[in-house]
Amino acid sequence: MKLNQNKTPILDRLKLLANTPDAAFYAPGHKRGQGVSNKLINLMGNDVFKADLPELPELDNLFAPEGVILEAQQLAAETFGADFSYFLINGSTCGITAAILATCNPNDKIILPRNVHKSVISGLILSGAIPIFINPVYDSNWDICYGISPESLAHTLQKHPDSKAVMVVYPTYQGICCDLAKIAQITHQYNIPLLVDEAHGAHFLFHKNLPPSALSQGADLTVQSTHKTLGSLTQSSMLHIKSDRLPKNRLENALQLLQSTSPNYLLLASLDAARQQMAIAGPELMTKTLDLALQARERLKSLQGLPILELGDSQPSFQYLDLTRLTVDVRNLGLTGYQADEILHQKLGVTAELPMLNNLTFIISLGNIQADIDKLIEGFSTLMLDSNYPIYQGEINIYQGDNNCYKISPREAFFATKKTVAIENSIGCISGELICPYPPGIPVLMLGEIITSDAISYLQKVILQNCIITGCSDDSLTTIKIVNI
Ligand SMILES: Cc1ncc(COP(=O)(O)O)c(C=O)c1O
């Protein structure tokens, strides 16, 4: 490392200005806390408002940085192994959307797993790009998706060699990582960029027992929710690039398009601090985190009857597992994941990150302490004593129909006028809805896709199995909205 990673340029400048008296005739209206309601001060204290400052000359400009923000981003780039890093104040959501806007023109193709985050759909709608979807590998026993396989990407690129980019999710919510190195190698054979949604993997770089970071595996661009697994404030993320395949100026324009012109300096300072913390003490903090996570795993296993997601026979769509994610199958308790989550949260003071039908996923991060792990084990021990519910036996398979039949782009479908028709009359029409049954949480119909009889009969089957269907205007699926052309 060449730079002094102990430095926190944004944080230090903010602290200096917060402690320098000033007659403020600029926004925000609370004027360094003087106009804040007492109720809010009771919750948050006074100091935080002194530091809630706007883009004063000393504080640089997020969209044309040449002072403290530039320095902080350069420090981040060095820490995260990037050529350039960008601080984001609208979460990974805006970074992912910007990545698509930077690489795709209207009607350009982009290859994606079908279970992408909502921000990708926003990117498709804003850019006018055409998605070429690949189904991720689905584990129906666990009811979770792995990544995409390199073979399926190779096959899709052969069919669509004119694609402009590939985007993958790495890791998944459950910490599952695909063989990204292979995926990067295949993508680069077509001289197009690999964009990675690494929202859940900002901590990877800091320990050898964590999966490799996306940039280290050949990603051209990665977006990390620093706030999800490291110590920054909610909504603060980073986008890193390491590539000569990306139009940097266009990316910067896209980031400006999607973010506030009044960036919150508390968020920016928290990114600066989180980077410094990890650059200086990352391995030590991750060793402690992994120790707690492994202890939780062992203690839960010793309760017996609570399967925990493990890395089985490593396969290209599930090559690594982030052990700081704990996914616990609760079916033996006779509970759904939602029921277990409610009891744990409301009665036992333990709250998971993500409840699903069969399981619960917990994030263990640098902020957790031994008492949290003890509480988790105590919570599950109590749940086991109390359980007398009927066992949920449901199982559903992934929709294997013909994806990627687009007549118009998701953008055109979004803006088009729609009409409601009886479901049996919709076959062959263009979907005006994005319909996703859960489980398995993989959309069956996308905006702009041609509705097939296979898709409708699959959706009707999952409704009969009491699955939840999201995105449809009529929950019973008696009718559906189609594009009116
Ligand atoms: C896989 C994935 N990608 C992207 C995002 C968006 O991240 P953010 O909340 O930082 O905007 C999330 C949020 O949950 C996510 O789970």
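Residues numbered from 1 in each chain as written. Predicted model: local features only at pLDDT ≥ 70, side-chain atom pairs only at ≥ 80, totals over all residues. Heavy atoms only, no water.

### Some points on the overall build of the chain
- When you go through the chain residue by residue, the secondary structure sums to 15 helices and 18 strands.
- In terms of overall size, the chain behaves like a compact globule, its C-alpha atoms giving a radius of gyration of 24 Å where 485 residues would be expected to give roughly 23 Å.
- Looking at the chain alone, contacts between residues at least 24 apart form 71% of all its contacts between residues at least 6 apart.
- Positive and negative side-chain charges of the chain, numbering 35 and 46 respectively, have mean locations separated by a distance of 3 Å. (Helix = DSSP H or I, 4+ residues; strand = E, 2+ residues; numbered from the N terminus. Rg over C-alpha atoms; globule rule 2.2 N^0.38 Å. Contact = heavy atoms within 4.5 Å. Lys, Arg positive; Asp, Glu negative; His and termini not counted. Charge placed at Lys NZ, Arg CZ, Asp CG, Glu CD.)

### Section: a nonpolar patch on the surface
- Together, L40, L43 and M44 line one region of the surface with nonpolar side chains, adding up to about 310 Å² of accessible area.
- Examined against the element boundaries, L43 turns out to sit in helix α2 (residues 38-44).
- Owing to a relative accessible area of 69%, L43 belongs among the exposed residues under this scheme. (Patch = residues over 30% accessible without salt bridge, like charges linked within 9 Å, V, L, I, M, F, W, Y side chains within 5 Å. Areas by Shrake-Rupley, 256 points an atom, 1.4 Å probe, with all protein chains shown as cover. Salt bridge = Lys/Arg side-chain N within 4 Å of Asp/Glu carboxyl O. Buried < 20%, exposed > 50% of the residue type's maximum accessible area, 1.4 Å probe, protein only.)

### Examining the site of the ligand
- Surrounding the ligand, one finds 13 residues, the nearest of these being T93, D197, H200, S225 and H227.
- Take D197: an N or O atom from its side chain is 2.6 Å from a nitrogen atom of the ligand.
- A distance of 2.7 Å is found between an oxygen atom of the ligand and a side-chain nitrogen or oxygen belonging to S225.
- For the ligand, the accessible surface in isolation is 390 Å², of which the surrounding protein chains cover 85%.
- Broken down by secondary-structure element, the contributors of at least two residues to the shell around the ligand are α5 (91-103) and α9 (226-229).
- Counting residues per element, the shell around the ligand draws most heavily on α5, which supplies 4 residues.
- Looking at the shell around the ligand, its residues break down into 3 nonpolar, 8 polar and 2 charged. (Near = heavy atom within 4 Å. Polar contact = N/O pair within 3.5 Å; in protein donor to acceptor, adjacent residues only side chain to side chain. Nonpolar A, V, L, I, M, F, W, Y, C, P; charged D, E, K, R; others polar.)

### Remarks on the domain arrangement of the chain
- As assigned here, the chain comprises domain 1 (9-279), domain 2 (282-386) and domain 3 (410-483).
- Counting residues at the interface gives 17 residues for domain 1 and 16 residues for domain 3.
- Interface area, domain 1 with domain 3, both sides summed: about 1,200 Å², of which 67% is carbon and sulfur.
- Three residues stand out in domain 1 for area buried against domain 3, namely R114, I125 and D143, and they jointly supply 49% of the buried area on that side.
- For the interface between domain 1 and domain 3, the tally reads 1 salt bridge.
- The closest approach of N and O atoms between R114 and E449, which form a salt bridge, is 2.9 Å.
- Our count for the contact surface shared by domain 1 and domain 3 stands at 6 residue pairs in polar contact (both at pLDDT 80 or more).
- Among the secondary structure elements, those contributing two or more residues to the side of domain 1 that touches domain 3 are α6 (118-127) and β3 (130-134).
- Top contributing element to the side of domain 1 that touches domain 3 by residue count: α6, with 5 residues.
- Across the side of domain 1 that touches domain 3, the residue classes break down as 10 nonpolar, 5 polar and 2 charged. (Domains from an automatic or database assignment. Buried area = accessible area lost by both parts, 1.4 Å probe.)

### Some remarks on the pairing of strand β9 (residues 221-224)
- Burial along β9 is two-sided: the face carrying L221 and V223 and the face carrying T222 and Q224 are both buried.
- As paired strands, strand β8 (residues 194-197) and β9 are joined by 3 bridges and run parallel to one another. Among the inter-strand pairings, V196 is bridged to a residue of β9, identified as T222.
- As paired elements, β9 and strand β10 (residues 237-241) share 4 bridges and run antiparallel to each other. By the bridge assignment, T222 is partnered in β10 with H240. (Pairing = 2+ DSSP bridges.)

### Here's the deal with the packing of helix α12 (residues 337-347) against helix α13 (residues 370-386)
- Direction vectors running N to C along α12 and α13 enclose 120 degrees, while the axes themselves pass 10 Å from each other. Here α12 is positioned oblique relative to α13, judged by the angle of their axes. The two elements α12 and α13 cross, and the hand of that crossing is right-handed. Where α12 abuts α13, its residues A340, I343 and L344 lie against G379, F380 and L383.
- For the contact of α12 with α13, the class distribution of residues is 5 nonpolar, 1 polar and no charged. (Axes fitted to C-alpha atoms, helices over the stretch in contact; angles between N-to-C directions. Parallel < 35°, antiparallel > 145°, perpendicular 65-115°, else oblique. Left-handed = near helix turned anticlockwise from the far one by under 90°.)

### Some thoughts on the sheet that holds strand β14 (residues 359-363)
- Spatially, 3 strands are ordered β12-β14-β13 in an open sheet, and the strand pairing comes out antiparallel. Either end of the sheet is taken by a strand with one partner, and the two such strands are β12 (325-329) and β13 (354-355).
- The strands touched by α12 are β13 and β14; relative to β14, the strand with the most contacts, the crossing angle is about 50 degrees.

### What to know about the pattern of salt bridges
- Going through the model one piece at a time under the given rule, you end up with 12 salt bridges.
- Residue D374 pairs with R299 through a salt bridge whose shortest N-O separation is 2.7 Å. Taken together, the residues D374 in helix α13 and R299 in helix α11 (residues 265-302) connect sequence positions 75 residues apart.
- When its relative accessible area of 29% is taken as the criterion, R299 is described as partly exposed.
- Three or more residues are tied together by salt bridges with common partners; here these are R297, E298, K301 and E310.

### What about the sheet that holds strand β2 (residues 109-113)?
- Taken in spatial order, the 7 strands make up an open sheet running β1-β10-β9-β8-β6-β2-β3, and their pairing is mixed. If you trace the sheet from one side to the other, it starts and ends with β1 (84-88) and β3, each paired once. Pairwise comparison of adjacent strand axes, ignoring direction, gives a mean angle of 20 degrees for this sheet.
- Relative to β1, helix α4 (residues 68-80) is tilted by about 120 degrees, and along the sheet it contacts β1, β9 and β10.
- Lying over the sheet, α11 contacts β1 and β10, oriented at roughly 135 degrees with respect to β1.

### Topic: the nonpolar core
- Within the largest apolar cluster, 56 residues are counted, with the highest numbers of intra-cluster contacts made by I10, F87, L153, L180 and L194.
- Those elements that provide at least two residues to this core are α1 (9-18), α4, β3, α7 (150-159), β6 (165-169), α8 (180-188), β8 and α11.
- At 10 residues, α11 tops the list of elements feeding residues into this core.
- Inspection of this core shows a minimum of three residues originating in each of domain 1 (9-279) and domain 2 (282-386).
- Aside from chain neighbours lying at most four places away, what touches I10 is V68, I69, A72, F87, Y265, L268, A269 and D272.
- Residues L88, A99, V120 and V483 belong to the second largest nonpolar core, which totals 40 residues. (Core = buried A, V, L, I, M, F, W, Y, C linked by side-chain atoms within 4.5 Å.)

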